[in-house]
Amino acid sequence: MCTMLILGVESSCDETGIALYDSEAGLLSHALYSQVAMHAEYGGVVPELASRDHIRRVVPLLREALGQAGKTLDEVDAVAYTRGPGLAGALLVGCAFAEALALAIDKPTIPVHHLEGHLLSPLLSSDPPTFPFVALLVSGGHTQLMKVTGVGEYELLGETLDDAAGEAFDKSAKLLGLPYPGGALLSKLAEQGTPGVHELPRPMLHSGDLSFSFSGLKTAVLTLVREHADAMSDEFKANAARAFQEAIVEVLVKKSLKAMKQTGLKQLVVAGGVGANKQLRTTLNDEAKRKRFCVYYPELEFCTDNGAMIALAGCLRLQAGTPAKAAGSFAVQPRWPLMEMSVSPTK
Ligand code: KG4
Ligand code: ZN
């Protein structure tokens with residue numbers, strides 16, 4: 001197949017991302033705008049504001065990405081964009097923009113599954129994994145362990161029965177009085193805490209399968225906070241954050257080890273926003289050394305939402321034989337299980 005230049009557009013939540021990915025040369029440029037400061041005032045993402053802000057950002061970001069790469073629109077071969085899952089209005093902005101742009105330059109589009117973007121994002125790094133691998137996908141909305149044998153070949157090994165890991169981080173951060181977005185702040189605070197001061201449950205650690213459940217852990221944080229409501233000192237908050245992080249990291253690591261043993265594979269890929277967590281990375285790295293497997297993460301800048309992973313996923317989809325579609329049809333899929341993307345799941 002000849003060289004292809006793919007433009008990627010991400011707008012599923014509160015980050016607008018545009019990137020250019022060349023099938024031969026790799027990632028040429030990516031431009032990102034985070035709406036975090038805007039939503040912080042409201043303590044969380046306000047969907048209507050998110051959509052409006054995506055509208056404001058897409059064109060300047062496109063110019064930035066083209067400028068950085070030294071490319072023009074005529075050189076783009078296809079436009080990949082996030083079709084779902086995510087916020088309906090936010091997705092519609094990216095979809096309408098990408099479809100209209102593709103129509104204008106007479107090129108096809110590639111609707112991309114956001115989680116497939118996360119899943120494949122470690123392939124953007126200088127030392128990428130090779131198929132097959134086990135993937136631990138830990139984002140704000142999902143917690144899944146998967147066996148990945150190729151692009152579009154996913155077998156679900158286990159997932160959360162309730163809250164996602166990132167959601168548990170964010171909700172616990174809120175309970176500790178941290179501003180939005182709480183997950184990353186909680187993990188910073190946890191670094192100052194002392195392990196073992198508070199003990200929190202490790203839900204489903206011994207369930208015997210690869211399922212997760214984090215809502216009980218969040219309730220345990222709520223109970224702890226209520227018990228200390230009169231004196232929420234900085235020291236208490238740091239120790240509570242540490243206790244929460246110790247618990248969630250232990251569950252994520254032990255279940256990942258179980259998945260490695262069960263599949264017999266030697267590579268683990270960690271993707272999604274929680275993959276930026278330092279304690280999770282350190283613990284997994286130590287275990288990988290002990291158990292002699294390799295663990296891969298996306299570059300830190302590609303752990304959270306970005307256009308680069310969407311451009312990459314679009315390109316890999318084309319290379320794997322998924323046809324691009326004619327531009328001009330507008331459809332998003334706010335709810336969309338990743339397994340629907342799996343053409344030939346291995347058993
Ligand atoms: O993958 P992502 O950007 O968005 C989704 O597709 O959901 O993940 C965002 C999630 C948020 O819940 C955020 O709190 C969490 O990733 N997160 C972290 C850290 N950085 C981001 N959680 C724990 N430790 C971090 N350092
Ligand atoms: Zn995401």
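The structure under discussion appears in the preceding block.
Draft legend 1. Focus on the overall build of the chain. Counting secondary structure elements, the chain contains 10 helices and 10 strands. Scaling as 2.2 N^0.38, a compact globule of 347 residues should have a C-alpha radius of gyration of about 20 Å, and the chain matches this with 20 Å. Dimensions of the chain along its principal axes, counting C-alpha atoms only, are 60 × 45 × 30 Å. Residues classed as buried in the chain amount to 54% of the 347 residues present. If you take every contact in the chain between residues at least 6 apart in sequence, the share linking residues at least 24 apart comes to 73%. For the chain, the accessible area works out to roughly 14,600 Å², and carbon and sulfur atoms hold 54% of it. Here the chain holds 31 positive side-chain charges and 38 negative ones, and the gap between their average locations is 5 Å.

Draft legend 2. The environment of Thr283, seen in detail. Within the element layout of this structure, Thr283 appears in helix 9 (residues 278–291). Residue Thr283 is classed as partly exposed on the basis of its relative accessible area, which comes to 27%. Linking Thr283 and Leu7, residues 276 residues apart in sequence, is a C-alpha distance of 36 Å. Dropping the residues within four chain positions of it, Thr283 is found in contact with Val249 and Val253. Within the structure, the side chain of Thr283 is placed 2.6 Å from the backbone oxygen of Gln279, a separation counted as a polar contact.

How each quantity is defined
Residues numbered from 1 in each chain as written. Chains lettered and ligands numbered in written order. Predicted model: local features only at pLDDT ≥ 70, side-chain atom pairs only at ≥ 80, totals over all residues. Heavy atoms only, no water. Helix = DSSP H or I, 4+ residues; strand = E, 2+ residues; numbered from the N terminus. Rg over C-alpha atoms; globule rule 2.2 N^0.38 Å. Buried < 20%, exposed > 50% of the residue type's maximum accessible area, 1.4 Å probe, protein only. Contact = heavy atoms within 4.5 Å. Areas by Shrake-Rupley, 256 points an atom, 1.4 Å probe, with all protein chains shown as cover. Lys, Arg positive; Asp, Glu negative; His and termini not counted. Charge placed at Lys NZ, Arg CZ, Asp CG, Glu CD. Polar contact = N/O pair within 3.5 Å; in protein donor to acceptor, adjacent residues only side chain to side chain.

These results come straight from atomic positions and should not be treated as a statement about function.
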